[in-house]
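# A look at the structure
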Amino acid sequence: MDANQPSKPNRKTGKTALTRGDAPLEVRPRTYSRGFVPRGGTGVRGTRPPQQGGYRDMMNRRRNNHGAQRLSRELDERIVDLQALFDVSRTLNSSLQLKNILDTLLLTPMGKMMIGKGVVLLARGEHRFVIETLKGIPRTHIGQEFEINLTQPTTQFLNELESEPWAALLIKLGLRLMVPIFSSNRCLGMMVYSTKSNEQNYGSNDLEYLNSLANLAATAVENALIFQQLNDVNRRLDKKNQELNTLFEISKEINSTLEGDKIINVLAYALMGELMAQRCMIFGGEDGEFAVRVNKGFRGEELNILQDESLRQRLKQISQPALTSKLVEDDLRTALQTNGVQLLVPMMSQNVARGLVLLGEKITKAEYLEDDVEFSSTLCNAAMISIENARLFKETLEKQKLEEELAIAREIQQRLLPKEAPELGDFELAAVNIPTRQVGGDYYDYFPIDENRYLITIADVSGKGVPAALLMTNLQATLHAMTTTDVPFEQIVFRINNFVHQNTTMDKFITAFFAIFDRKNGTITSINAGHNPPYVWHADGSFETLSEGGLLMGMFPNAPYKSETRQLGAGDWVVMYTDGVSEAMSAESEEFGEKRLEEIIRAGRDTSAAGLIEAIGNAVKKHTEGAPQSDDITLVVLRCNHKENG
């Protein structure tokens, strides 16, 4: 096929088959049959071949001469193309300026092939291409983006891709041929050209030339892109370095104090000075309040409108810095711009807006730039951290003072509990209290009524901390004051219930278990006021619970209470506990439960009272490993060691 003729479409597909780097014309040596003597002479000087063939021989000679001339002309054209590619390659690789390289890449083939229009698109992200330079097309298209989702772009005519939106747009601009620029199997961009001005089609030599040019330009384009990125990074670094120096100086001043009001004032002056803002207002406050902390420049009606409660609530929802001109809500945008606010900068702490800065117009009347927004946001957040640090420092001092007071309260509370169990002869008594906080609402006690009888109690006050501890202290004082030999057991509990009801609110109550233990007779008489029923565990492995009594204490006045009595034999146990044991939660939110408690008691019947308490405590600790203690833990254990009663 003649190289100057247009390529023919494939008969089956109707598309023009294009390949990168078509094979050059091949010059094959002519072969001769044995005994054949070429025309033009015998090779022997002074001899002349005989005339043969006449007109036919002459036409053959002319045809051979014409083929040789055409071959020579094609070789000359190839040499010219190669020389041109060599020259273009030197030009492309002699510069690192991306625009110069792209202009050379675009204009060289346009001038050589008389192409009227062309663009160069560069890849600027995944499937995203941008027009970087153009010729013959309005310059308004520079920067226009196209989403080109081709796995492996190839040199091809755009009419084969006209179903793609991006191809349709390029065709609309008068472009026809696309030539990709590859480097290391990565598409850097595309050269896109229109038809030739002389209306000739692209031949195989033209396509080979364009592909070769794209291959030669790939390295230069990639180097220029890297160089451009480095320059951009260096410029940004220089600017960031200046901003960081400024931020560092301002931060030093902000962090030099732990006074919140002083930090706010320093922030206002720093923003106005660095951004040349005429006015500044800062909202903020503790516990979600949004009050004006600083006002510089806003007066009269402006100040009244900006302090409107409904407006403050809407400003409170802003979590990103924003120019008021770009706010979506029309009424909010109008209200702020009317009152001279141009920039909103939230003060963030742990992804929560705890303050807001309102900045007015610049002295220079210039617009706030993106760098101004970023700088002010960074400075405001740094100031917010300092304000939070100042608040936390203040809270830490207050907490330390409170902890010192709680430590004293804890010491007093522990002194109110029995220091050691009494000697009971054939009986063994042990107890433990583990509060969730320094002070708690669990209570246990044992003290003598007479020579043989002891009052044993365990109780759980609603709530935790100081309020529960105070109520527990009142319970203990009342119990000691009312327990005498002259007052019946049921009356003691009755009076305590009325006392608690009279001196507490409805949300405060006490669950309690009271028992009078007679070590001489080996009996235990008990009243359960809404408490977890203690176990009476017998030597044969059976057990029963002590649930007789009445309502929990403090809920209703004059509530009746009833007692019950159990005889203890050798090897029997009485195990009292609060719900901090049975309701202890694991990391997977599973309760310890009565079943586990019963299994531990059954397994530990041969140990001492203190040993059983230790076994229960260890089991609860293992069960709740990885989870915080959710409630106070209290245990009281009585063991019967004697052989006979009486």
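Definitions and limits used
Sequence order as written defines the numbering, with residues in each chain counted from 1. pLDDT decides what is reported in this predicted model: residues at 70 or higher carry local features, side-chain atom pairs at 80 or more are listed and counted, and totals for whole chains, interfaces and linings draw on all residues regardless. Excluded from the side-chain calculations are hydrogens and water; all other atoms, namely the structure's heavy atoms, are used. Here an axis means a line fitted to C-alpha atoms, over the contact stretch when the element is a helix, while the angle between two N-to-C directions is reported on a 0 to 180 degree scale. The way it works is that DSSP assigns letters per residue, a run of H or I at least four long becomes a helix, a run of E at least two long becomes a strand, and they are numbered from the N terminus. Angles are sorted into four bins: roughly parallel if under 35 degrees, roughly antiparallel if over 145, roughly perpendicular if 65 to 115, and oblique for all others. Residue contacts are counted whenever heavy atoms from the two residues lie within 4.5 Å of one another. Following the grouping adopted for this structure description, the nonpolar residues are Ala, Val, Leu, Ile, Met, Phe, Trp, Tyr, Cys and Pro, the charged ones are Asp, Glu, Lys and Arg, and the polar ones are all others, Gly among them. Each residue is assigned to one of three classes by its accessible area relative to the maximum for its type, calculated with a 1.4 Å probe on protein chains only: buried under 20%, partly exposed between the two thresholds, exposed over 50%. The pairing criterion is simple: DSSP has to find at least two bridges between the two strands. Crossings are assigned a handedness: left-handed for a near helix turned anticlockwise from the far helix by less than a right angle, right-handed for a clockwise turn. Salt-bridge detection follows one rule: a side-chain nitrogen of Lys or Arg within 4 Å of a carboxyl oxygen of Asp or Glu. What we call a nonpolar core is a set of buried Ala, Val, Leu, Ile, Met, Phe, Trp, Tyr and Cys residues that are connected through their side-chain atoms within 4.5 Å. What a helix is expected to span follows from its residue count: subtract one and scale by 1.5 Å. Pairs were defined over the aromatic rings of Phe, Tyr and Trp, the Trp ring being its six-membered one, requiring ring centres within 6.5 Å. Orientation was assigned from the angle between planes: stacked under 30 degrees, edge-to-face over 60, tilted for the rest. We count a charge as sitting over a ring when the NZ of a lysine or the CZ of an arginine lies within 6 Å of the ring centre and within 35 degrees of the ring normal.

## Things to note about the packing of helix 5 (residues 260–275) against helix 9 (residues 370–416)
- The interhelical angle for the contact between helix 5 and helix 9, taken along N-to-C directions, is 170 degrees, at an axis separation of 10 Å. It follows from the interaxial angle that helix 5 and helix 9 lie roughly antiparallel. Facing I263, I264, L267, A270, L271, E274 and L275 of helix 5, the residues of helix 9 in contact are D372, F375, S376, L379, C380, A383, S386, I387 and A390.
- Partitioned by chemical class, the residues of the contact of helix 5 with helix 9 number 12 nonpolar, 2 polar and 2 charged.

## Points about the pairing of strand 7 (residues 280–284)
- Most of strand 7 is tucked away, with 5 of its 5 residues classed as buried.
- The alternating pattern of strand 7 places C280, I282 and G284 and M281 and F283 on opposite faces, both of which are buried.
- Here strand 7 runs beside strand 8 (residues 291–296); their pairing, made up of 5 bridges, is antiparallel. The residue bridging F283 from the neighbouring strand is V292, located in strand 8.
- Summarising the sheet, strand 7 and strand 11 (residues 352–359) pair through 5 bridges and their orientation is antiparallel. Among the inter-strand pairings, F283 is bridged to a residue of strand 11, identified as L356.

## Examining the sheet that holds strand 1 (residues 118–123)
- With antiparallel pairing, 6 strands are arranged side by side in an open sheet as 3-2-1-6-5-4. Each edge of the sheet is formed by a strand with only one pairing partner; in this case those strands are strand 3 (145–147) and strand 4 (156–157).
- Pairing analysis gives 6 bridges linking strand 1 to strand 2 (residues 128–135), with the strands arranged antiparallel. Along strand 2, the bridge assignment pairs L122 with V130.
- Where helix 2 (residues 98–113) meets the sheet, it contacts strand 1, strand 2, strand 5 (177–183) and strand 6 (186–193), and its direction lies at approximately 65 degrees from that of strand 2.
- Lying over the sheet, helix 3 (residues 165–172) contacts strand 3, strand 5 and strand 6, oriented at roughly 140 degrees with respect to strand 3.

## Describing helix 13 (residues 593–603)
- Here helix 13 has its buried residues at G593, L597, E598, I600 and I601.
- Contact partners of the buried residues in helix 13: strand 17 (535–537), strand 18 (543–545), strand 21 (573–577), helix 12 (579–582) and helix 14 (609–623).

## What about the packing of helix 10 (residues 465–482) against helix 11 (residues 489–503)?
- At a closest axis distance of 10 Å, the pairing of helix 10 and helix 11 adopts a crossing angle of 145 degrees. The two elements helix 10 and helix 11 meet at a crossing, and its hand is right-handed. Only I492, R495, I496 and F499 of helix 11 make contact with helix 10, whose side of the interface consists of N474, L475, T478, L479 and M482.
- A per-class count over the contact of helix 10 with helix 11 returns 6 nonpolar, 2 polar and 1 charged.

## Let's talk about the pattern of salt bridges
- Overall, the coordinates contain 17 salt bridges when judged by the stated rule.
- Measuring nitrogen to oxygen at the nearest pair gives 2.8 Å for the salt bridge that ties K362 to D372. In this pair, K362 is assigned in the loop between strand 11 and helix 9 and D372 in helix 9, connecting sequence segments 10 residues apart.
- What makes D372 buried here is its relative accessible area of 14%.
- Between E544 and R566 there is a salt bridge, with its nearest N and O atoms 2.8 Å apart. One end of the pair, E544, is in strand 18; the other, R566, is in strand 20 (residues 564–567), with 22 residues separating them in the sequence.
- Residue class for E544 comes out partly exposed when judged on its relative accessible area of 27%.
- Linked by salt bridges that have partners in common, R314, E329 and D331 make up one network.

## Comments concerning the nonpolar core
- Core analysis: the biggest nonpolar cluster contains 47 residues, and L479, I510, M553, L568 and L638 have the highest contact counts within it.
- The element contributing the most residues to this core is strand 15 (residues 510–518), with 7 residues.
- Of all hydrophobic cores here, the second largest spans 32 residues; its members include V88, L105, M113 and I181.

## Things to note about the environment of Y444
- Relative to the helices and strands, Y444 is located in strand 13 (residues 442–448).
- Taking the C-alpha atoms as reference, Y444 lies 8.9 Å from D460; in sequence the two are 16 residues apart.
- If sequence neighbours within four positions are ignored, Y444 has contacts with L417, P418, A431, V432, N433, T457, I458, T634 and V636.

## Re helix 14
- Taking 1.5 Å of rise per residue, 15 residues should cover 21 Å, and helix 14 covers 21 Å from first to last C-alpha, within 8% of that figure.
- Inspection of helix 14 places A609, G611, L612, I613, I616, V620 and H623 among the buried residues, and these make up the whole buried set.
- Where helix 14 is buried, its residues meet strand 12 (427–434), strand 21, helix 12, helix 13 and strand 22 (633–640).

## Quick notes on the pairing of strand 11
- Of all 8 residues in strand 11, 6 are buried; the element is thus mostly enclosed.
- Bridge count between strand 10 (residues 343–349) and strand 11: 7 bridges; the pairing is antiparallel. Looking at the pairing, L343 lines up with L359 of strand 11.
- Here strand 10 hands over to strand 11 after 2 residues, with Q350 in that stretch at a positive phi of 55 degrees.

## A short note on the packing of aromatic side chains
- Considering all chains together, one arrives at 7 aromatic pairs under this definition.
- Plain terms: the ring middles of W537 and F543 are 4.4 Å apart, the flat faces sit at 15 degrees to each other, and that makes the pair stacked.
- Its relative accessible area of 33% is what places F543 among the partly exposed residues.
- A connected cluster of aromatic rings, assembled from ring pairs, spans Y535, W537, F543 and Y577.
- A cation sits over an aromatic face here: K112 above Y209, 4.7 Å from the ring centre.

## Concerning the sheet that holds strand 9 (residues 322–323)
- In space, the 5 strands of this open sheet follow the order 8-7-11-10-9, with antiparallel pairing throughout. In this open sheet, the two edge strands, each paired with only one partner strand, are strand 8 and strand 9.
- This element, helix 5, spans strand 7, strand 8, strand 10 and strand 11 of the sheet and lies at about 45 degrees to strand 8.
- Across the sheet, helix 9 is in contact with strand 9, strand 10 and strand 11; its angle to strand 10 comes to roughly 35 degrees.

In short, the description is geometric, and any link to function would need to be established separately.
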